[in-house]
Amino acid sequence: MQFPESWLREFCNPPLSTEQLAQTLTMAGLEVEEVKPVAPPFNRIVVGEIKEAAQHPNADRLHVCQVDVGQAEFLTIVCGAPNARVGIKVPVALVGAALPPGDDGMPFLIKVGKLRGVESYGMLCSAKELKLSNDHGGLLELSSAAPLGQDIREHLKLDDTLFTLKLTPNLAHCLSVYGVAREVAALTGAPLTAPSFPAVKASGAEKLAVKVSAPDLCGRFSGRIVRRVNPQAPTPSWMVERLARCGQRSVTALVDISNYVMFELGRPSHIFDLDKIHGGLDVRWGKPGEQLKLLNGSTVTVDDKVGVIADELEVESLAGIMGGDATAVSDDTRNIYLEAAFWWPKAIAGRSRRFNFSTDAGHRFERGVDPDQTVEHLDRITQLIVDICGTADTTCGPIDDQQVNLPVVPAVSLRVARACKVIGMPLSQAQCADALERLGLAITQTEGIITVAPPSYRFDLQIEEDLIEEVARMVGYNNLPNTPPLAPITAKIRPETQRSAFALRRSIAALGYQETINFSFVEERWEHELCANPNPIKLLNPIASQMSVMRSSLLGSLLQVLKFNLDRKAQRVRVFELGRVFLRDDSVKNTDATVEGFDQPMRVAGLVSGTADALQWGHKERPVDFFDIKGDVETLLAPRQSVFEPAEHPAMHPGRCARVLLDGVAIGFVGELHPKWRQAYDLAQAPLMFELDLDALLQRQVPAFTSVAKHQAVDRDIAVMVTDKVTHAALMDAIWSAPTAGLLRNAVLFDIYQPKRAQDLDASSLEKSYAVRLTLNSEEATLTEEQIDHATQAVLASLLSKLGARQRT
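Residues numbered from 1 in each chain as written. Predicted model: local features only at pLDDT ≥ 70, side-chain atom pairs only at ≥ 80, totals over all residues. Heavy atoms only, no water.

**Regarding the overall build of the chain**
Then, number 1: For the chain, the count of helices and strands is 21 helices and 41 strands.
Then, number 2: Its C-alpha atoms put the chain at 125 × 85 × 65 Å along the principal axes.
Then, number 3: A burial count over the chain gives 48% of its 809 residues as buried.
Then, number 4: Intrachain contacts of the chain at a sequence separation of at least 6 include 69% that bridge at least 24 residues. (Helix = DSSP H or I, 4+ residues; strand = E, 2+ residues; numbered from the N terminus. Buried < 20%, exposed > 50% of the residue type's maximum accessible area, 1.4 Å probe, protein only. Contact = heavy atoms within 4.5 Å.)

Structural data, given as structure tokens:
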């Protein structure tokens, strides 16, 4: 919410500087987000009047003007503005004036200059040159009543400050200049000038028939007819100025008056063209399929959850949000109907966001607007209309005030002892009572208890904690004591056998991956397709229809990231995410860190697509394959030895998927995206991905010292024929289980050979050759040929007994 400081000080003017006032508001919970001057620094710019405007003798687009600035002689100033003409009053920068700083931060100094042979003794200024607006269409035209020679800062009241408040939803009563002034008076003790609302005398008994059919939508509806107004009357400059400084542009006088009262008193209202209303008005819930063209030009379709104001033929307004185009006031309007109502906050909340827009009126009504002063505020609007748009024939009808369902505000009690405990400082009952009374709250007291009857404009005072907050605000958050914790603080030391999640992130990034952070809310279709999860955890209030369930896997989020990057022509994508997934688990009970019935483990997932390496001259490009990402997983788990076994996963290719086991425990999957999901996501190349439990990756072995071998190692190569179904893991298990008397130090597969398949052999008869290099050594002495042969034969015997292997000759 933005407003000028001068307007605030008309209601309450405490003896505080601008900076002190901003600090006071912030420390009371009304955060001042920004304080900035209305105009940048400049000087020696005064009001002047163009007395003559002759064509420049040497330039078609320049005029030589004689300007009266209240001095003994006119000033000759050359100007190229298209609206430079005799009789208008404009800002004049005198010789020696300093205009607002430019991009270089230096002020622009005005000197005597010569333009196309004609000397110019100053400069006529536009609003953009003074940095008052972005309008550069011509000179800034001032009021005809502006005194000649008066400083432009004084005339336009530019020595003012704009406050921008960032209000929390519970401070609805501060969504007006008067509401903020009421808080300032309570905080500083400065007197508050309350506005008066003299009743506008009715000239007749004419009323518009209004029916409130939905008391749960509208609790009070006040309106009146005003006839024979002048909608083309200009808005007074003081009102245009204040609206502009509140961030609201001027539209027409009638619309400006409605907006002005909203910023002044926090009362949104609406003005209908009376002649465009068919019959009477009905305040009701919408009917499915009804349409309304709004003032912003968009057409919306309502349903029975959206409040409307309708006449006998059609919907004319979205209740509490925005009026309709059909009954909008225009230059041809002569008779109007003024409306000020109390709309129940729950009936307005979220409605405008359904239609992808928001309004100042909806913002206020969904937080709560005072239901008690609709008549008084309607009188204020009426008086302004009569003063600004009134004619000699203007007549006002009586106010039709229908009170159908006003809120009943229960009393709230505050226990002084409880307030002291929550706030954390000793407070007497008198201090608490004084704080609440300064806020204008009616209180009654008993021993240790203060009972408050909340006023109609305070929708946020419902429970004891609300009153405690008000006491704390009046005390000032900056005045609360700084109490250090009494319990000793001991750092939680991470065991040496565990690395941090940040260290894991750095390790994955070192492999060329980039981290992504995604929503835990995902599309329900992902859970069905990628996770085979028929019953995902659904959100009660999703932020979007495509984010309606909690994810049970990270893979869907990574696929979305991949698709986003491929659509933007990324050639090589390597991404990972470390995040939480959400699973149903009846064994989980409620604790400080868990929720009953739901398991929330942390996982790490990665995805690669494109080439195995970035473009380089060292070797040819090749697409990434299963063994590349399997190697990344092994690197992350090293030095612990992982085992990969064939498996199936709903998101992965049935023949190119492996379960990852660590110490015999399954910790995740690695594989290629399933062909049907590759086709569904329209991917030219199937990505490779993995998903592992975070806890398994955080565990690590503590390095242990081993002496360097003193004797030379011996290598022996063996080649064995095995059936086609024998895996590398099975081969290594058989080799390492051989009784080599501790001489086997390493075994590496370095060649695979498979003879051409004969036509008459079935799959079970196929064989392949594995070539393995064995490294043997001893700590005691150099190995003899007998020891080497014995160890080699032990390995061959183990392969024969476990795999049915035979040595290749």
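**Brief notes about the sheet that holds strand 36 (residues 665-673)**
Note on sheets: strands pair through backbone hydrogen bonds, and any given pair is parallel or antiparallel.
Then, number 1: Taken in spatial order, the 7 strands make up an open sheet running 27-30-33-37-36-35-34, and their pairing is mixed. The open sheet is flanked by strand 27 (514-515) and strand 34 (642-646), the only strands paired with a single partner.
Then, number 2: One ladder, built from 2 bridges, connects strand 27 with strand 30 (residues 573-580); its direction is parallel. Bridge pairing in strand 30 links Gln 514 to Val 575.
Then, number 3: On the sheet, helix 16 (residues 555-566) packs against strand 30, strand 33 (602-609), strand 35 (652-662), strand 36 and strand 37 (688-693) and is oriented at approximately 150° with respect to strand 30. (Pairing = 2+ DSSP bridges. Axes fitted to C-alpha atoms, helices over the stretch in contact; angles between N-to-C directions.)

**Re the pattern of salt bridges**
Then, number 1: Summed over the entire model, instances satisfying the criterion amount to 43 salt bridges.
Then, number 2: Its salt-bridge partner being Glu 264, residue Arg 380 comes within 3.0 Å of it at the nearest N-O pair. Linking Arg 380 in helix 10 (residues 374-389) with Glu 264 in helix 6 (residues 253-265), this pair joins segments that are 116 residues apart in sequence.
Then, number 3: Judged by relative accessible area, which is 23%, Arg 380 ranks as partly exposed.
Then, number 4: Residue class for Glu 264 comes out buried when judged on its relative accessible area of 5%. (Salt bridge = Lys/Arg side-chain N within 4 Å of Asp/Glu carboxyl O.)

**Regarding empty space enclosed by the protein**
Then, number 1: In total, this model carries 2 cavities of 30 Å³ or more according to the counting rule given.
Then, number 2: A volume near 50 Å³ is recorded for the largest cavity.
Then, number 3: Taken together, Ala 612, Asp 613, Ala 614, Leu 615, Gln 616, His 619, Lys 620, Glu 621 and Arg 622 make up the lining of the largest cavity.
Then, number 4: Its residues placed into classes, the lining of the largest cavity shows 3 nonpolar, 2 polar and 4 charged.
Then, number 5: Taken as a whole, the second largest cavity holds about 30 Å³ of empty space.
Then, number 6: Considering the residues around the second largest cavity, the lining is formed by Val 522, Trp 526, Glu 527, Leu 530, Cys 531, Ser 553 and Gly 556.
Then, number 7: Here the lining of the second largest cavity gets 3 residues from one element, more than from any other, and that element is helix 15 (residues 524-530).
Then, number 8: For the lining of the second largest cavity, a count of residues per class yields 4 nonpolar, 2 polar and 1 charged. (1 Å grid on protein atoms, 1.4 Å probe; cavity = no way out; pocket = protein on both sides within 12 Å on 5 of 7 lines; lining within 4 Å. Points joined across faces, edges and corners; volume = space filled by probe spheres on them. Nonpolar A, V, L, I, M, F, W, Y, C, P; charged D, E, K, R; others polar.)

**Overview of the nonpolar core**
Then, number 1: Formed by 74 residues in total, the largest nonpolar core has its most connected members in Leu 25, Ile 385, Cys 389 and Leu 436.
Then, number 2: Beyond its immediate sequence surroundings of up to four residues, Leu 25 is in contact with Leu 30, Glu 31, Val 32, Phe 163, Leu 165, Val 180, Val 184 and Leu 187.
Then, number 3: Core analysis: the second largest hydrophobic core is formed by 36 residues, Leu 274, Ile 309, Leu 318 and Ile 321 among them. (Core = buried A, V, L, I, M, F, W, Y, C linked by side-chain atoms within 4.5 Å.)

**Some details on the sheet that holds strand 24 (residues 412-415)**
Then, number 1: The strand order across the open sheet built from 3 strands is 24-26-25, with neighbouring strands paired in antiparallel fashion. Two strands bound the open sheet, and with one partner strand each, they are strand 24 and strand 25 (442-446). Across this sheet, the average inter-strand angle for adjacent strands is 25°, counted without regard to direction.
Then, number 2: Pairing of strand 25 with strand 26 (residues 449-453), which is carried by 5 bridges, proceeds in the antiparallel orientation. The residue bridging Ala 442 from the neighbouring strand is Ala 453, located in strand 26.
Then, number 3: Packed on one face of the sheet, helix 11 (residues 416-423) meets strand 24 and strand 26 and runs near 70° to strand 24.

**A few points about the environment of Phe 521**
Then, number 1: On the secondary structure map, Phe 521 appears in strand 28 (residues 521-522).
Then, number 2: Judged by relative accessible area, which is 27%, Phe 521 ranks as partly exposed.
Then, number 3: In sequence terms Phe 521 and Pro 107 are 414 residues apart; their C-alpha atoms lie 52 Å from each other.
Then, number 4: Among all residues touching Phe 521, those that are not within four sequence positions of it are Leu 539, Ile 543, Met 547, Val 549 and Met 550.

**Examining the packing of aromatic side chains**
Then, number 1: Enumeration according to the criterion identifies 11 aromatic pairs in this entry.
Then, number 2: For the ring pair Tyr 513 and Phe 690, a centre distance of 6.3 Å and an interplane angle of 75° mean the geometry is edge-to-face. Of the two residues, Tyr 513 is situated in the loop between helix 14 (501-510) and strand 27 and Phe 690 in strand 37; the sequence distance between them amounts to 177 residues.
Then, number 3: Judged by relative accessible area, which is 4%, Tyr 513 ranks as buried.
Then, number 4: Connected via pairs of aromatic rings, a cluster forms that spans Trp 7, Trp 238 and Tyr 260. (Phe/Tyr/Trp six-rings, centres within 6.5 Å; stacked < 30°, edge-to-face > 60°.)

**Overview of a nonpolar patch on the surface**
Then, number 1: On the surface, Val 95, Val 112 and Tyr 121 cluster together into a nonpolar patch covering about 220 Å² of accessible area.
Then, number 2: As for its placement among the helices and strands, Val 95 is situated in strand 6 (residues 89-99).
Then, number 3: Val 95 gets classed as partly exposed once you look at its relative accessible area, which sits at 33%. (Patch = residues over 30% accessible without salt bridge, like charges linked within 9 Å, V, L, I, M, F, W, Y side chains within 5 Å. Areas by Shrake-Rupley, 256 points an atom, 1.4 Å probe, with all protein chains shown as cover.)

**Comments concerning the packing of helix 12 (residues 429-438) against helix 13 (residues 464-475)**
Then, number 1: At a minimum axis separation of 9 Å, helix 12 and helix 13 run at an interaxial angle of 90°. If you check the angle between helix 12 and helix 13, you find them roughly perpendicular. Here Cys 432, Ala 435, Leu 436 and Arg 438 of helix 12 lie close against helix 13, whose contacting residues are Leu 467, Glu 470, Val 471 and Met 474.
Then, number 2: Along the lines of polarity and charge, the residues of the contact of helix 12 with helix 13 split into 6 nonpolar, no polar and 2 charged. (Parallel < 35°, antiparallel > 145°, perpendicular 65-115°, else oblique.)

**Some points on the side chain of Ser 553**
Then, number 1: Relative to the assigned elements, Ser 553 resides in the loop between strand 29 (549-550) and helix 16.
Then, number 2: Accessibility expressed as a relative area gives 6% for Ser 553, which makes it buried.
Then, number 3: Within polar-contact distance, the side chain of Ser 553 engages the backbone nitrogen of Leu 555 at 3.2 Å. (Polar contact = N/O pair within 3.5 Å; in protein donor to acceptor, adjacent residues only side chain to side chain.)

**What to know about unusual backbone geometry**
Then, number 1: Between Ala 638 and Pro 639 the backbone carries a cis peptide bond, its omega angle lying at 5°.
Then, number 2: Within the secondary structure layout, Pro 639 lies in the loop between helix 17 (626-637) and strand 34.
Then, number 3: The backbone of Lys 131 shows a phi angle near 60°, a positive value even though the residue is not glycine.
Then, number 4: Judged by its relative accessible area of 42%, Lys 131 is partly exposed.

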